[in-house]
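Chain and residue survey
Given next are the chains, with one letter for each unit.
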Amino acid sequence: MSSATRIANDIPKSLMPADLAAGRKRLDSVWNGVIPGIVLVAMITAVAFSAHNVSGFALFSPMILAVVAGMVYSNVLGTPAHAKAGIAFSQKRLLRFAIVLLGFQLTLGQVVSIGAGGVGIVAATLGATFLFTITLGRLIGVDRKLAQLIAAGTSICGASAIVATNIVTDARDEDVTYAVASITLFGTVAMLGFPLLAPVLGLDQHAFGLWAGASIHEVAQVIGAGFQNGTQSGEIATVAKLTRVAMLAPMVIALGLMARRKMSGDQQTARPPMPWFVAAFVAVVVLNSLVTVPAEVKAAMALATTIMLTMGLAAMGLQADISQLRSRGLRPLALAFSAFLFIGCFSLMLVKFA
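Being a predicted model, the structure only gives us computed values, none of them experimental.

1. Brief notes about the overall build of the protein chain
Looking only at helices and strands, the protein chain features 17 helices and zero strands. Across the 354 residues of the protein chain, 47% fall into the buried class. Within the protein chain, residue pairs in contact and separated by at least 24 positions form 84% of the contacts whose partners lie at least 6 positions apart. By element, 68% of the accessible surface of the protein chain is carried by carbon and sulfur atoms, the whole surface being about 16700 Å².

2. Some remarks on a nonpolar patch on the surface
Judged by side-chain polarity, L108, V282, V286, L287, L290 and V291 come together as a nonpolar surface patch covering roughly 500 Å² of accessible area. Among the elements that make up the nonpolar patch, the one with the highest residue count is helix α15 (residues 276-290) (four residues). Relative to the helices and strands, L290 resides in helix α15. We classify L290 as exposed; its relative accessible area is 68%.

3. What to know about helix α7 (residues 144-157)
The terminal C-alpha atoms of α7, which comprises 14 residues, lie 19 Å apart, in line with the 20 Å expected from a rise of 1.5 Å per residue. α7 sits mainly inside the fold: 12 of its 14 residues count as buried. Every buried residue of α7 is accounted for by L146, A147, Q148, L149, I150, A151, A152, G153, T154, S155, I156 and C157. Measuring from the backbone nitrogen of K145 back to the side-chain oxygen at the start of α7 gives 3.1 Å, which picks out D143 as the cap.

4. Here we look at the confidence of the model for the protein chain
Summing up the model confidence of the protein chain, the mean pLDDT is 81 and the portion of residues at 70 or higher is 83%. For the protein chain, per-element mean pLDDT is lowest for helix α14 (residues 265-268), which scores 48, and highest for helix α17 (residues 331-353), which scores 95. Low pLDDT, under 50, characterises residues 1-16; the predicted model gives this stretch one contact beyond four residues in sequence or across chains. Low pLDDT, under 50, characterises residues 264-273; the stretch is placed with 12 contacts to residues that sit more than four places away or in other chains.

5. Observations regarding the side chain of T184
Within the secondary structure, T184 is located in helix α9 (residues 173-201). The buried category is assigned to T184, whose relative accessible area is 7%. Contact partners of T184, with chain neighbours within four places excluded, come to Q221, M316 and A320.

6. Some remarks on the environment of V39
In this structure, V39 sits in helix α2 (residues 35-52). Linking V39 and A83, residues 44 residues apart in sequence, is a C-alpha distance of 8.6 Å.

7. Concerning helix α3 (residues 62-77)
Between its first and last C-alpha, α3 extends 21 Å over 16 residues, near the 22 Å set by a 1.5 Å rise per residue. Every buried residue of α3 is listed here: P62, M63, I64, L65, A66, V67, G70, M71 and S74. Positive backbone phi, approximately 90°, marks G78, located one or two places after α3.

8. Quick look at the packing of helix α6 (residues 115-140) against helix α12 (residues 231-246)
Closest axis-to-axis distance for the α6/α12 pair is 10 Å, and the angle between their directions is 50°. Here α6 lies oblique to α12, going by the angle between them. Read as a crossing pair, α6 and α12 show a hand that is right-handed. Along its contact with α6, which presents V119, V122 and L126, the element α12 presents A240, T243 and R244. Counted by class, the contact of α6 with α12 contains four nonpolar, one polar and one charged residues.

9. Quick word on the packing of helix α4 (residues 84-102) against α15
Two numbers describe how α4 lies on α15: the axes approach to 7 Å, and their chain directions differ by 20°. With respect to α15, the element α4 is oriented roughly parallel. Read as a crossing pair, α4 and α15 show a hand that is right-handed. Together, R96, F97, I99, V100 and L102 of α4 and W276, F277, A280, F281 and V284 of α15 make up the contact between the two elements. When its residues are assigned to classes, the contact of α4 with α15 shows nine nonpolar, no polar and one charged.

10. As for the nonpolar core
Residues I99, I156 and F277 are the most contacted members of the largest nonpolar core, which totals 94 residues. The greatest single-element share of this core, amounting to nine residues, is contributed by α9. Contact partners of I156, with chain neighbours within four places excluded, come to L126, A161, H217, K241, R244, L248 and M251.

11. Some words on the environment of L65
Mapped onto the elements, L65 comes out in helix α3. Along the primary structure L65 and A314 are separated by 249 residues, whereas in three dimensions their C-alpha atoms are 8.3 Å apart. Residues within four places of L65 in sequence aside, it is in contact with A48, A51, H52, F57 and F60.

Definitions and limits used
Residues numbered from 1 in each chain as written. Predicted model: local features only at pLDDT ≥ 70, side-chain atom pairs only at ≥ 80, totals over all residues. Heavy atoms only, no water. Helix = DSSP H or I, 4+ residues; strand = E, 2+ residues; numbered from the N terminus. Buried < 20%, exposed > 50% of the residue type's maximum accessible area, 1.4 Å probe, protein only. Contact = heavy atoms within 4.5 Å. Areas by Shrake-Rupley, 256 points an atom, 1.4 Å probe, with all protein chains shown as cover. Patch = residues over 30% accessible without salt bridge, like charges linked within 9 Å, V, L, I, M, F, W, Y side chains within 5 Å. Salt bridge = Lys/Arg side-chain N within 4 Å of Asp/Glu carboxyl O. Expected span 1.5 Å × (residues − 1). Polar contact = N/O pair within 3.5 Å; in protein donor to acceptor, adjacent residues only side chain to side chain. pLDDT = per-residue confidence, 0-100. Axes fitted to C-alpha atoms, helices over the stretch in contact; angles between N-to-C directions. Parallel < 35°, antiparallel > 145°, perpendicular 65-115°, else oblique. Left-handed = near helix turned anticlockwise from the far one by under 90°. Nonpolar A, V, L, I, M, F, W, Y, C, P; charged D, E, K, R; others polar. Core = buried A, V, L, I, M, F, W, Y, C linked by side-chain atoms within 4.5 Å.

Structure follows, in structure tokens:
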């Protein structure tokens, strides 16, 4: 009798506390894994918005100030380990959601504004830069897989292209880290420097937006540089850049065919993902072209988009570890720098003279 009573009493104790413990464990996991990083990103974002209102810094948008502040924080103070998951969430999911919302600021009429010539400039720049980087990497003795990662990151869409390309290149983890670090570094240089060159080069907002979208590495960096030079410039830059992003899947598939060698069946059938936010962005642009969105709603979305983009750029700055660039020597860094110069000069030539 006592045994039966003991078993009966044990049933709820073994179930309910376990459920509660599991729920608490999930909440603790969320807090310890994501929330601290988001809080850190939000703090840097607040600093960037505050600095934007200070005399001397008003020239730079909060997005640019956020990425610089993030890089300073990361490389001087160090990024806390418990914040990395939240930082990654801000850089990836939050940033891509912000890009989708950016579609409410565009219409199909604006998309058409880059024209067939603009699409041709983007495609030609992508292909020429990829081939240039691969060829130069072979000539100066950079590992083939690392050269492919740098080529993809420079010519297509930064870290997203590097990760997708690694599906078929299967490079070492340190190669992926090096490529992402170098692409982030030179993409940030472009984001900060290109808007200052616009008046020197005689580029109007349309031409600068096309140049920025065809040459700067990351989507967020393009947005930061484009809108720094004006609203029209930012819209053109965004469309041009997303045209490059849309070329990610066919480019990686082509690279896989070129680099085909003996490998396992799973590797042979791996397919590069198509970024979901590109399709979502296009859907939002179509919706915005067909449906009249109230001005108040558009204004609120614009503010929310700016805040999330700034948070994404702050996270990007926090992820940029300059020390990683020393791990593989100077040749890959020289390759990334050369690719950065090539894509900037080649696309500028096409924009100016094509």
